[in-house]
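Tertiary structure, described
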Amino acid sequence: MVDSASAPTEGHVIHWAGYYDRLMLLLTVGQESGFRRRTIDAAGIRSGQRVLDVGCGTGTLALAAAEAVGSRGEVIGIDPSAEMIARARAKAATRGLPARFELAAAERLPFDDGKFDVALGSLMFHHLPQPLQRAALLELQRVLAPGGQLVLVDFVGRGPWLHRLLGRLLHRREGHGAHGGHDSHDSHGGHGHHGGLGHAAHLARELGYQDVLVTPFRPRFLECLTARTPGG
């Protein structure tokens, strides 16, 4: 039985986990495995590392990371949606991979300081309103070890017409905001900050992250932010 309670957050929460994997196949033109592998490569994930996947959805990226770190590493995925976490746990059990999944929001991470070597965020940062983006980057900085790697992949600017269309469709299917009430914002319009990862890069530099860089990604309507925490 799925606990229907979501983690408290002012960010957008997706509840329709059953459709999410199909959406990702559509968004990546049937190449989701390659998309996830490019994300793993951008982070330089190695055997034995400790990895956090923020806004993990149904766990596909976290499971790819679990394969990369092997039995000596550790992977934890967090998401504020109970439905997403339940599906991620089922996928991990089916594949026999040791990734762990917990119900939590990016702005309140239930982990000790310096616990992780790498933090990933895939297609989730645009779901956070600006104040939460800053809070999430602060939390990620806290839970990353000195010299830890942050990798965010998200849409370029407001995204292509396909992204905007999908956003409208998803909002209609969702019909509810983070707290279960009707959400009058377009889920890819008024709810978060949609100027691409440039704003996140500005925040990261302001908060003391080092080697902050935003580069093109594939599919071409995506971009990738990489940064490191001080020290290390």
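Conventions adopted
Residues numbered from 1 in each chain as written. Predicted model: local features only at pLDDT ≥ 70, side-chain atom pairs only at ≥ 80, totals over all residues. Heavy atoms only, no water. pLDDT = per-residue confidence, 0-100. Helix = DSSP H or I, 4+ residues; strand = E, 2+ residues; numbered from the N terminus. Contact = heavy atoms within 4.5 Å. Buried < 20%, exposed > 50% of the residue type's maximum accessible area, 1.4 Å probe, protein only. Phe/Tyr/Trp six-rings, centres within 6.5 Å; stacked < 30°, edge-to-face > 60°. Pairing = 2+ DSSP bridges. Axes fitted to C-alpha atoms, helices over the stretch in contact; angles between N-to-C directions. Salt bridge = Lys/Arg side-chain N within 4 Å of Asp/Glu carboxyl O.

A few words on the confidence of the model for the protein. Mean pLDDT for the protein: 82, with 72% of residues reaching 70 or above. Within the protein, no element has a lower average pLDDT than helix α6 (residues 161-174), which sits at 51, and none a higher one than strand β1 (residues 50-54), at 98. Counting interchain partners and residues more than four positions distant, the pLDDT-below-50 stretch residues 171-193 has 57 contacts.

A separate point is unusual backbone geometry. Each neighbour pair has its own omega, and for Arg-218 with Pro-219 the value is 0°, a cis peptide bond. Mapped onto the fold, Pro-219 is located in the loop between β6 (210-216) and β7 (222-228). Residue Leu-123 is not a glycine yet carries a positive backbone phi of 55°. Positionally, Leu-123 belongs in the loop between β4 (116-122) and α5 (130-143). With a relative accessible area of 7%, Leu-123 lands in the buried category.

So, about the packing of aromatic side chains. For the coordinates displayed, the defined rule picks out three aromatic pairs. A ring pair is formed by Phe-35 and Phe-217, whose centres lie 6.1 Å apart and whose planes are at 75°; its orientation type is edge-to-face. Placement of the pair is Phe-35 in helix α2 (residues 32-43) and Phe-217 in the loop between β6 and β7, with a sequence separation of 182 residues. One exposure class covers both Phe-35 and Phe-217, and it is buried. Both rings, one in Phe-111 and one in Phe-116, keep their centres 5.2 Å apart while their planes meet at 90°; by these two values the pair is edge-to-face.

Take the sheet that holds strand β2 (residues 74-79) next. Strand order in the open sheet made by the seven strands is β3-β2-β1-β4-β5-β7-β6, with mixed pairing throughout. Looking at the sheet topology across the chains shown, the edges are occupied by β3 (100-103) and β6. Neighbour-to-neighbour, the strand axes of this sheet turn through a mean angle of 15°, independent of strand direction. Pairing of β4 with strand β5 (residues 144-155), which is carried by six bridges, proceeds in the parallel orientation. Its bridge partner lying in β5, Phe-116 is registered against Leu-144. Taken strand by strand, helix α4 (residues 82-95) contacts β2 and β3, and its axis lies near 170° from that of β3. Along the sheet, α5 contacts β1, β4 and β5; its crossing angle with β5, the most-contacted strand, is approximately 145°.

Bringing the pattern of salt bridges into the picture now. This structure, assessed with the given rule, holds 10 salt bridges. The shortest N-O distance in the salt bridge between Lys-115 and Glu-74 comes to 3.5 Å. Residue Lys-115 is found in the loop between β3 and β4, and its partner Glu-74 is found in strand β2; the two are separated by 41 residues along the sequence. You can call Glu-74 partly exposed: its relative accessible area is 22%. In this structure, Glu-107 and Arg-108 form a salt bridge, with 3.8 Å as the shortest nitrogen-oxygen distance. Taking relative accessible area as the criterion, Glu-107 reaches 9% and is therefore assigned buried. Residues joined by salt bridges that share partners form a network here, namely Glu-74, Arg-100, Glu-102 and Lys-115.

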